[in-house]
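If you want the building blocks of each chain, they are given just below.
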Amino acid sequence: MTHILHIDTSPRLERSHSRSLAREFLEQWKQHHPEATVTYRDLALNPVPYIDETWVRAKFTPEDDYTPELENAIALSDQLVDEFLAADRYVLSAPMYNFSIPAVLKSYIDYIVRPRRTFAVTQNGFQGLVTDRKMLLVQARGSDFRPGSAYDAVNFQEPYLKTVFGFIGITDIETINANGLNIELRDREIAAAKSTIQTLAATW
Ligand SMILES: Cc1cc2nc3c(=O)[nH]c(=O)nc-3n(C[C@H](O)[C@H](O)[C@H](O)COP(=O)(O)O)c2cc1C
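Residues numbered from 1 in each chain as written. Predicted model: local features only at pLDDT ≥ 70, side-chain atom pairs only at ≥ 80, totals over all residues. Heavy atoms only, no water.

### Here's the deal with the site of the ligand
In the neighbourhood of the ligand, 17 residues make up the surrounding shell, with Ser 10, Arg 12, Ser 16, Ser 18 and Phe 99 lying closest. Ser 18 is positioned such that a nitrogen or oxygen atom in its side chain is 2.5 Å from an oxygen atom of the ligand. One nitrogen or oxygen atom from the main chain of Gly 142 is found 3.1 Å from a nitrogen atom belonging to the ligand. Counted by class, the shell around the ligand contains seven nonpolar, eight polar and two charged residues. (Near = heavy atom within 4 Å. Polar contact = N/O pair within 3.5 Å; in protein donor to acceptor, adjacent residues only side chain to side chain. Nonpolar A, V, L, I, M, F, W, Y, C, P; charged D, E, K, R; others polar.)

Below, the structure written as structure tokens:
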């Protein structure tokens, strides 16, 4: 049975475009998959703390060698990884912030990209362990970052998210993007995003 992990990251709540587009997608998608289950995580309302020195030591220590201090430091990360691995699909909504992603999302990513749990170090290099999964990125941007636009080359949001989730094994990644939400493109982009939602809700 399909199990979705739905993650919102915008600090804006009712006024957030990324949240409302992701919600609209899931409402439509669930009509096609009534049996699916969803776990919801709100990183803006429940941010994870920044990692610290003890956390980093725990990350690079084999579990058998954990002290109570290291075990305690890595406990939340373990819970988040368990939750992440329990899903086979991800719906992640994110605003573009300063050409990339909100800090709460970066902090979450630091918690779930873990050796031995979500990636392995092999003789042939790194290997993602989160395979056979799909992700949908719902991205909102104030300016025009459409492919071919003047800002396209400095979009560190989508390329970063695709790279880091690809690193842990998630390579099947679809996108719903709304660009130019603070300029005259806004209505056209929201309409285009809603049209993509309809198509993807029936096919994803
Ligand atoms: C701190 C901050 C940084 C932002 N940086 C960018 C940016 O680099 N590029 C851009 O196009 N829009 C930027 N924006 C605008 C947001 O991406 C835009 O308002 C988007 O709709 C926010 O997502 P939300 O509607 O889901 O909250 C920024 C907004 C804030 C508050």
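### Observations regarding the packing of helix α1 (residues 17–32) against helix α6 (residues 186–203)
Running from N to C, α1 and α6 point in directions that differ by 25°, and their axes come no closer than 8 Å. Classified by the interaxial angle, the pair formed by α1 and α6 is roughly parallel. Our pair here, α1 against α6, has a crossing hand that is right-handed. Two secondary-structure elements touch here, α1 through His 17, Leu 21, Glu 24, Phe 25, Gln 28, Trp 29 and His 32 and α6 through Arg 186, Ile 190, Ala 193, Lys 194, Ile 197, Gln 198, Leu 200, Ala 201 and Ala 202. Residue composition of the contact of α1 with α6, grouped by class: nine nonpolar, four polar and three charged. (Axes fitted to C-alpha atoms, helices over the stretch in contact; angles between N-to-C directions. Helix = DSSP H or I, 4+ residues; strand = E, 2+ residues; numbered from the N terminus. Parallel < 35°, antiparallel > 145°, perpendicular 65-115°, else oblique. Left-handed = near helix turned anticlockwise from the far one by under 90°. Contact = heavy atoms within 4.5 Å.)

### Quick notes on the sheet that holds strand β2 (residues 37–42)
Adjacent strands of a sheet pair through backbone hydrogen bonds, lying either parallel or antiparallel. Spatially, the five strands line up as an open sheet ordered β2-β1-β3-β6-β7, and their pairing is parallel. Edge positions in the open sheet fall to β2 and β7 (172–178), since each of these has one partner strand only. Shown here is a sheet whose adjacent strand axes are inclined to one another by a mean of 15°, direction ignored. Across four bridges, the pairing between strand β1 (residues 3–8) and strand β3 (residues 89–95) is parallel. Counted as the bridge partner of Ile 4 is Arg 89 from β3. Set on the sheet, α1 makes contact with β1, β2, β3, β6 (134–140) and β7; between it and β3 the angle comes to about 155°. (Pairing = 2+ DSSP bridges.)

### Structural notes on the packing of aromatic side chains
All told, the structure shown has eleven aromatic pairs when counted by the stated rule. Ring geometry for Phe 84 against Tyr 90: centres 4.2 Å apart, planes inclined by 15°, an arrangement best described as stacked. The ring of Trp 204 has Arg 89 sitting right over it, with the charged end atom 5.0 Å from the ring centre. (Phe/Tyr/Trp six-rings, centres within 6.5 Å; stacked < 30°, edge-to-face > 60°. Lys NZ or Arg CZ within 6 Å of the ring centre and 35° of its normal.)

### Quick look at the side chain of Asp 144
The residue Asp 144 is located in the loop between β6 and α5 (158–167) in this model. Looking at Asp 144, its side chain comes within polar contact range of the side chain of Arg 146, at 3.0 Å.

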